[in-house]
Amino acid sequence: MGHAADTEELARLAAAGDGAALDTLLLHLRPEVVRRCGRFLPCREDAEETAQDVLLQVARKISTFEGRSRFSTWLYTVVANCARQKYRELKRRAVEQPGAIDAAEHVDPRTTSVIAGSRVDLLEALERLEREHPHLVAPLVYRDICQLEYAEVAERVGVPLGTLKSRLHEARRQVRPWLAGSL
């Protein structure tokens, strides 16, 4: 338990302008952030690049962390946003260079891994869910991607357990046809 409590404390100090606390926090977070980014992006280089973006955003925006929610919740949002941003960038690159995917000898392994990876469909479904039912995104990300316990997800989203379960059910019902359609 100590590790999580340390992280929360470091985040509070860093948000208050303590530079040393921020440095320690970023060092502390790196492995966890890379792991979380890897859940969204199957290619290791993409996950590591995205983790760098996440840490940069944390450093830049830590002063906006007010401590009303847990820091880990705030961090999940930054991770999810940066991963979606990276995904959009990779998708755009793949569209701009469609020949790269055909020419196997000149293939960009990052583009192909993402385009061929099952996570692509999931990220696309999350984008669509965010446009159509934004309140369903967080429950789905926390439970099905980050694999948190139901009770923790309910706490992070700030709804009762019953509400969370019905939102999760609805989110999965919405997303399932989109994922099936892309196979």
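Because the structure is a prediction, the values reported are computed rather than measured. (Residues numbered from 1 in each chain as written. Predicted model: local features only at pLDDT ≥ 70, side-chain atom pairs only at ≥ 80, totals over all residues. Heavy atoms only, no water.)

**Concerning the state of the cysteines**
Argument step 1. If you walk through the whole model with that rule in mind, you get zero disulfides.
Argument step 2. Cys37 carries a free sulfur, and the closest cysteine sulfur to it, the one in Cys82, is 7.1 Å from it.
Argument step 3. Exposure remark for Cys37: the relative accessible area of 0% places this residue in the buried category. (Disulfide = S-S within 2.5 Å. Buried < 20%, exposed > 50% of the residue type's maximum accessible area, 1.4 Å probe, protein only.)

**Quick word on the nonpolar core**
Argument step 1. Counting residues in each nonpolar core, the largest one holds 43 residues, and the members touching the most others are Leu25, Phe40, Val54, Val58, Ile62 and Phe71.
Argument step 2. The element contributing the most residues to this core is helix α4 (residues 71–96), with 10 residues.
Argument step 3. Apart from residues lying up to four places away in sequence, Leu25 is in contact with Thr7, Leu10, Ala11, Ala14, Val58, Ile62 and Phe71.
Argument step 4. In terms of nonpolar packing, the next biggest core, distinct from the first, is built from seven residues, Tyr76, Tyr142, Leu148 and Leu164 among them. (Core = buried A, V, L, I, M, F, W, Y, C linked by side-chain atoms within 4.5 Å. Helix = DSSP H or I, 4+ residues; strand = E, 2+ residues; numbered from the N terminus. Contact = heavy atoms within 4.5 Å.)

**Regarding the packing of aromatic side chains**
Remark: the centre distance and the inter-plane angle together describe each pair of aromatic rings, the angle taken between the planes.
Argument step 1. The final tally for this structure, using the stated rule, is three aromatic pairs.
Argument step 2. With a centroid separation of 5.4 Å and an interplanar angle of 80 degrees, the aromatic rings of Phe65 and Phe71 are classed as edge-to-face. By the burial criterion, Phe65 is buried, and Phe71 matches it.
Argument step 3. Put simply, the rings of Phe65, Phe71 and Trp74 pair up and form one aromatic cluster.
Argument step 4. The ring of Tyr150 has Lys165 sitting right over it, with the charged end atom 5.2 Å from the ring centre. (Phe/Tyr/Trp six-rings, centres within 6.5 Å; stacked < 30°, edge-to-face > 60°. Lys NZ or Arg CZ within 6 Å of the ring centre and 35° of its normal.)

**Looking at the pattern of salt bridges**
Argument step 1. On inspection of all chains with the given rule, the structure shows 11 salt bridges.
Argument step 2. Between Glu32 and Arg36 there is a salt bridge whose closest N-O contact spans 2.7 Å. Of this pair, Glu32 and Arg36 both sit in helix α2 (residues 19–40), separated by four residues, roughly a single helical turn.
Argument step 3. Judged by relative accessible area, which is 24%, Glu32 ranks as partly exposed.
Argument step 4. Between Glu155 and Arg70 there is a salt bridge, with its nearest N and O atoms 3.0 Å apart. Here Glu155, found in helix α9 (residues 150–157), pairs with Arg70, found in the loop between α3 (44–61) and α4; they are 85 residues apart in sequence, far enough to count as distant. (Salt bridge = Lys/Arg side-chain N within 4 Å of Asp/Glu carboxyl O.)

**Let's talk about the confidence of the model for the chain**
When pLDDT is low, close inspection of the predicted coordinates is not appropriate.
Argument step 1. In this model, the chain carries an average pLDDT of 79, and 79% of its residues clear a pLDDT of 70 or more.
Argument step 2. When mean pLDDT is compared element by element in the chain, α3 scores highest at 92, while helix α6 (residues 109–116) scores lowest at 44.
Argument step 3. This model gives residues 99–117 a pLDDT under 50, and the stretch forms 28 contacts once residues within four places in sequence are excluded. (pLDDT = per-residue confidence, 0-100.)

**A look at the environment of Glu127**
Argument step 1. Along the polypeptide, Glu127 turns up in helix α7 (residues 118–132).
Argument step 2. Between the C-alpha atoms of Glu127 and Arg88, which are 39 residues apart in sequence, the distance is 9.8 Å.
Argument step 3. Discounting chain neighbours no more than four positions away, the residues touching Glu127 are Arg84 and Arg88.

**Here we look at the side chain of Thr7**
Argument step 1. Looking at the secondary structure, you find Thr7 in helix α1 (residues 2–15).
Argument step 2. Every residue in contact with Thr7, bar those within four places of it in the chain, is listed here: Leu25, His28, Leu29 and Phe71.

**Quick word on α9**
Argument step 1. Every buried residue belonging to α9 is among Val153, Ala154 and Arg156, and all of these are buried. Within α9, the buried residues cover an arc of 165 degrees as seen down the axis, which keeps them to one side. Seen from the buried face of α9, the exposed residues on the opposite side, beyond 90 degrees, are Ala151 and Glu155.
Argument step 2. One or two steps after α9, the chain reaches Gly158, where phi turns positive at roughly 80 degrees. (Arc of directions from axis to C-beta.)

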